[in-house]
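Next come the chains, spelled out residue by residue.
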Amino acid sequence: MYKVKVYVTLRESVLDPQGVAVKGALHTMDYNEVMDVRIGKYLELQLENVDNLETRVKEMCEKLLANTVIEDYRFDVEEVIPS
Amino acid sequence: MKFAVIVFPGSNCDADMYYAIKDGLGEQVEYVFHTETSLDGYDGVLLPGGFSHGDYLRSGAIARFAPIMPAVIDAAESGKPVLGVCNGFQVLLEAGLLPGAMKRNIDLKFICRTVELVVENNETLFTTGYEQGETILIPVAHGEGNYEVDEEMLARLEENNQIVFRYNEHVNGSKQDIAGIMNEKGNVLGMMPHPERAVEALLGNDQGLAVFTSILRNWRESHVATS
């Protein structure tokens, strides 16, 4: 079994309204060292062992999990050893 | 003319759309549930506003894979008029029937009020009932209507006159204040404002009705023989 951690964020070139609002809040809290905040999504998928696991996860990301018009994605694959 | 209103779990402007056609326009209309797979017999397809599938993941992202969607795509490809309003617009974007994507409104607020729109192109299936450059009042109600598109596609939209409506003010952060766009072929329109909520004086405003009368007039011109 595998655990796949998928991270989806708005592309660098796209203004992130939520990130801007959170950065503003951090600045009002005197964390002025914060230069940028980007908000994204984190998804955890549990997968059975399949062939082409990475290719299939990439497909899932491109078709559904991320909207590649405005979002980037990356993912990590971890093998889960049943205890 | 017979319209289909596609109903997803979480659609909440489906009844408004239905009555805009039945009572506002006086034409035939039926609800078609998202689990259906055919749109045979319908002359036009309407995707209503709401929160399909709870807007989980992204607005329209899950609805885009509903069983009815291949039929919606077929209808679009065969040249039938397809109108997506608000969440319906978001579904059309996710389905790739229209270019671009939606982000959260620039000020992060859900905006629910009547805004001024400018008719940027009145030579479309959906807007011949308006004057070019006419300003109309139409309600908006959305949290994610901040239209994003890359510069290359934006240039193409402008070159092909695919920008149909613009806001007459900065409403939600949309690039170039874009409120509605159509596909290159001109038979698929997506717009965030709700023309179906502005089809009779009792609703406070009937300036949205011309979207529907335009569709009907254009359909009649191509489908009904004149004597």
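The structure displayed is predicted, hence computed values, not measured ones.

**Q** Please clarify how the sheet that holds strand 11 (residues 188-191) of chain B should be interpreted in this entry.
**A** Two pairing modes exist for strands in a sheet, parallel and antiparallel, and in both the strands are linked by backbone hydrogen bonds. Residues and elements named next belong to chain B. In space, the 9 strands of this open sheet follow the order 2-1-3-4-11-10-9-6-7, with mixed pairing throughout. For this open sheet the edge positions go to strand 2 (28-33) and strand 7 (135-142), each flanked by a neighbour on one side alone. The average undirected angle you get between the axes of adjacent strands in this sheet is 25°.

**Q** Is there a simple way to think about the layout of surface pockets in this case?
**A** Over the atoms, a rolled probe matching the size of one water molecule traces out where space is still vacant. Approximately 430 Å³ is the volume found for the largest pocket. For the largest pocket, the lining is made up of 25 residues, of which Lys41 and Glu71 of chain A together with Arg58, Met102 and Glu144 of chain B are closest to its centre. Secondary-structure elements contributing two or more residues to the lining of the largest pocket are strand 1 (2-10), helix 1 (17-28) and strand 2 (40-47) of chain A together with helix 3 (87-94) and strand 5 (101-103) of chain B. Residue classes in the lining of the largest pocket are distributed as 9 nonpolar, 7 polar and 9 charged.

**Q** Sorry, what's going on with helix 5 (residues 209-223) of chain B here?
**A** Note: α-helices contain 3.6 residues per turn, so residues at a spacing of three or four share the same orientation. Residue and element names in this part refer to chain B. With 15 residues, helix 5 ought to run about 21 Å at 1.5 Å a step, and its terminal C-alpha atoms sit 21 Å apart, in line with that. Restricting attention to buried positions, one finds in helix 5 the residues Leu209, Ala210, Val211, Phe212, Ser214, Ile215, Leu216, Asn218 and Trp219. Where helix 5 is buried, its residues touch strand 1 (2-7), helix 1 (14-25), strand 4 (82-85) and strand 9 (163-167).

**Q** Looking at this structure, how should I read the packing of aromatic side chains?
**A** The relation between two aromatic rings is expressed through the spacing of the ring centres and the mutual angle of the planes. As enumerated under the stated definition, the model contains 6 aromatic pairs over all chains in all. Aromatic pair Tyr7 of chain A and Tyr42 of chain A: ring centres 5.2 Å apart, planes at 35°, arrangement tilted. Remark: Tyr42 of chain A occurs in strand 2 and Tyr7 of chain A occurs in strand 1; sequence separation between them is 35 residues. Here Tyr7 of chain A falls in the partly exposed class, since its relative accessible area comes to 26%. You can call Tyr42 of chain A partly exposed: its relative accessible area is 42%. Each ring, one from Phe89 of chain B and one from Tyr147 of chain B, has its centre 6.3 Å from the other, and the planes form 25°; the classification is stacked. In this pair, Phe89 of chain B is assigned in helix 3 and Tyr147 of chain B in strand 8 (residues 146-148), connecting sequence segments 58 residues apart. The class for Tyr147 of chain B is buried, based on a relative accessible area of 0%.

**Q** Looking at this structure, I do not really get the packing of helix 1 of chain B against helix 5 of chain B. What am I missing?
**A** When two helices pack together, their arrangement is captured by the angle between the axes and the distance separating the axes. Residues and elements named next belong to chain B. At a minimum axis distance of 11 Å, the contact between helix 1 and helix 5 shows a crossing angle of 70°. Relative to helix 5, helix 1 is oriented roughly perpendicular. For the element pair helix 1 and helix 5, the recorded crossing hand is right-handed. Across from Met17, Ala20, Ile21, Gly24 and Leu25 in helix 1, the residues of helix 5 making contact are Leu209, Phe212, Thr213 and Leu216. Of the residues assigned to the contact of helix 1 with helix 5, the class counts are 7 nonpolar, 2 polar and no charged.

**Q** Would you mind going over the pattern of salt bridges with me for this structure?
**A** Any two side chains of opposite charge can pair if their charged atoms end up close together. All names here are of chain B. Enumeration over the complete set of coordinates arrives at 18 salt bridges over all chains. In this structure, Glu30 engages Lys2 in a salt bridge whose closest nitrogen and oxygen atoms are separated by 3.7 Å. Here Glu30 is found in strand 2, whereas its partner Lys2 is found in strand 1, with 28 residues between them in sequence.

**Q** Sorry, what's going on with the pairing of strand 2 of chain B here?
**A** Regular strands place side chains that alternate from one sheet face to the opposite one. All names here are of chain B. Looking at chain direction, strand 1 and strand 2 are connected through 6 bridges and run parallel. Note on strand 2: the bridge partner recorded for Val7 is Phe33. A crossover connection joins strand 1 to the parallel strand 2 through helix 1; in handedness this β-α-β unit is right-handed.

**Q** Sorry if this is basic, but what is going on with the sheet that holds strand 2 of chain A here?
**A** Residues and elements named next belong to chain A. Here we have 3 strands laid out as an open sheet, ordered 2-1-3, and antiparallel in their pairing. Taken across any chain shown, the strands that pair with only one partner, and hence form the sheet edges, are strand 2 and strand 3 (71-79). Averaged over all adjacent pairs, the angle separating strand axes in this sheet is 15°, with direction ignored. Both strand 1 and strand 2 contribute to a ladder of 8 bridges, which runs antiparallel. Within strand 2, the position partnered with Lys5 by the bridge is Glu44. Sheet contacts for helix 2 (residues 53-65): strand 1, strand 2 and strand 3; angle to strand 3, the most-contacted strand, approximately 150°.

**Q** Before we go on, may I ask you to explain the interface of chain A and chain B in this structure?
**A** Facing the 16 residues of chain A at the interface are 15 residues of chain B. Summing the contributions of chain A and of chain B, the shared interface buries around 1,300 Å²; its carbon and sulfur component is 68%. Seen at the junction of chain A and chain B, the total is 1 salt bridge. The salt bridge partner of Arg58 of chain B is Glu71 of chain A, with a shortest N-O separation of 3.7 Å.

**Q** What is the right way to look at helix 1 of chain A in this model?
**A** All names here are of chain A. Between the first and last C-alpha of helix 1 there are 17 Å, a value that for 12 residues agrees with the 16 Å anticipated at 1.5 Å per step. Structurally, the start of helix 1 carries an N-cap: the backbone nitrogen of Gln18 is 3.2 Å from a side-chain oxygen of Asp16. At the exit of helix 1 stands Asp30, carrying a positive phi of roughly 75°.

Definitions and limits used
- Residues numbered from 1 in each chain as written.
- Chains lettered and ligands numbered in written order.
- Predicted model: local features only at pLDDT ≥ 70, side-chain atom pairs only at ≥ 80, totals over all residues.
- Heavy atoms only, no water.
- Pairing = 2+ DSSP bridges.
- Helix = DSSP H or I, 4+ residues; strand = E, 2+ residues; numbered from the N terminus.
- Axes fitted to C-alpha atoms, helices over the stretch in contact; angles between N-to-C directions.
- 1 Å grid on protein atoms, 1.4 Å probe; cavity = no way out; pocket = protein on both sides within 12 Å on 5 of 7 lines; lining within 4 Å.
- Points joined across faces, edges and corners; volume = space filled by probe spheres on them.
- Nonpolar A, V, L, I, M, F, W, Y, C, P; charged D, E, K, R; others polar.
- Expected span 1.5 Å × (residues − 1).
- Buried < 20%, exposed > 50% of the residue type's maximum accessible area, 1.4 Å probe, protein only.
- Contact = heavy atoms within 4.5 Å.
- Phe/Tyr/Trp six-rings, centres within 6.5 Å; stacked < 30°, edge-to-face > 60°.
- Parallel < 35°, antiparallel > 145°, perpendicular 65-115°, else oblique.
- Left-handed = near helix turned anticlockwise from the far one by under 90°.
- Salt bridge = Lys/Arg side-chain N within 4 Å of Asp/Glu carboxyl O.
- Right-handed = clockwise from strand over helix to strand, strands pointing away.
- Buried area = accessible area lost by both parts, 1.4 Å probe.
- Polar contact = N/O pair within 3.5 Å; in protein donor to acceptor, adjacent residues only side chain to side chain.

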